[in-house]
Amino acid sequence: MQETTIAILGAGAWGASLANLAIANGYTVRLWSRRGSETLKAVLQDAQIIVSAISMKGVRDVVSHVQSFPSSPETIFVTATKGLDPQTTRTPSQIWQTAFPSHAVVVLSGPNLSQEIQQSLPAATVVASSIATAAEQAQLVFSSPRFRVYTNPDPVGVELGGTLKNVIAIAAGVCDGLQLGTNAKAALVTRGLTEIIRIGNFWGAKTETFYGLSGLGDLLATCNSPLSRNYQVGYQMAGGKTLTEILANLPGTAEGVNTCEVLVQLAKQQNITMPITEQVYRLLQGEVTPRQALDELMLRDIKPEYNY
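The paragraphs below set out a description of the structure included in this document. (Residues numbered from 1 in each chain as written. Predicted model: local features only at pLDDT ≥ 70, side-chain atom pairs only at ≥ 80, totals over all residues. Heavy atoms only, no water.)

Scanning all chains against the criterion turns up five aromatic pairs. Pairwise contacts between aromatic rings join Phe77, Trp96 and Phe100 into one cluster. (Phe/Tyr/Trp six-rings, centres within 6.5 Å; stacked < 30°, edge-to-face > 60°.)

Counting residues in hydrophobic clusters, the biggest one holds 46 residues, and the most contacted among them are Ile199, Val233, Leu263, Val280 and Leu284. Tallying contributions element by element places helix α7 (residues 155-177) first for this core, with ten residues. If near-sequence neighbours (up to four positions away) are discounted, Ile199 is found in contact with Leu164, Leu263, Leu266, Ile272 and Met274. Of all hydrophobic cores here, the second largest spans 27 residues; its members include Tyr27, Val51, Ile76 and Ala135. (Core = buried A, V, L, I, M, F, W, Y, C linked by side-chain atoms within 4.5 Å. Buried < 20%, exposed > 50% of the residue type's maximum accessible area, 1.4 Å probe, protein only. Helix = DSSP H or I, 4+ residues; strand = E, 2+ residues; numbered from the N terminus. Contact = heavy atoms within 4.5 Å.)

All of the buried residues in helix α4 (residues 92-99) are Pro92, Ser93, Ile95, Trp96 and Ala99. Viewed end-on, α4 has its buried residues packed into an arc of 160°, placing them on one side of the element. Buried residues along α4 sit against β1 (5-9), β3 (49-52), α3 (56-67), β4 (76-79), β5 (104-109) and α7. (Arc of directions from axis to C-beta.)

What follows deals with the packing of helix α8 (residues 182-202) against helix α9 (residues 213-224). In a pair of packed helices, the angle between the axes and the distance between the axes together describe the arrangement. The interhelical angle for the contact between α8 and α9, taken along N-to-C directions, is 140°, at an axis separation of 11 Å. As summarised for this structure, α8 and α9 are arranged oblique, according to the angle between their axes. The crossing of α8 and α9 is right-handed. Residues Lys185, Val189, Leu193 and Ile196 of α8 form the contact with α9, whose participating residues are Leu216, Leu219, Leu220, Cys223 and Asn224. Taken together, the residues of the contact of α8 with α9 sort by class into seven nonpolar, one polar and one charged. (Axes fitted to C-alpha atoms, helices over the stretch in contact; angles between N-to-C directions. Parallel < 35°, antiparallel > 145°, perpendicular 65-115°, else oblique. Left-handed = near helix turned anticlockwise from the far one by under 90°. Nonpolar A, V, L, I, M, F, W, Y, C, P; charged D, E, K, R; others polar.)

Okay, structure coming up:
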């Protein structure tokens, strides 16, 4: 039986799924939620691994709270949040690493729809860190016969794959909502991956990471599942609902809405071409209808598929 204690911050569907995987492997798991009775201090006490499964908007606040409690230099932080901080454009792992510069930070990301994991359906994920031993420890915590965990040395790429695909998933929901067919969806997802790689490379991520589980894998899962909140945003907008209406009735957070805004700002500053992201942003802002956004994409200047 393992003696490692794991603190999981965030008791939503995703946090609970990760907790169940660790418990099944014999780990002592403590779960913290803002609305729970356990204090953050009690949950963090002597935890060797701290897993963050909170939504993006709560990350900075929780990080500063965690900083106020003592932690061992050996403590490993695992971040399982997908999103970008609107004020700093930082990823969750960058926020954790800045707060805890001498600690190992691991990113966990992949095609991981929590409802399916809770049903023990087969799934795989990636744990990535610049410190290989930390990624290997996280791999041991969450691996199971139904949940295959791979390690990866490119945390930025793994994290961005999970974050950026949410914007493309909104577009995929629009595509299905307008019943545009399989050809259109395949083209959209493929060109979406090109955009993800383009901005990922700017951030220093490795191209091959985006062809793996945390890139293409997560993109396929999120763009094809009604379980995806981001897909639902696009699908329901195509059906005529307003963004405000959709978000008010959505269980949990559609991180792609906030991510899209941050990406458009960054793309403009750095002069990075992101046509799909731009149209999703315009749609979310109410500047275009789903049909107009599609027309804009189809009527762009003709060009080579790749710039060699």
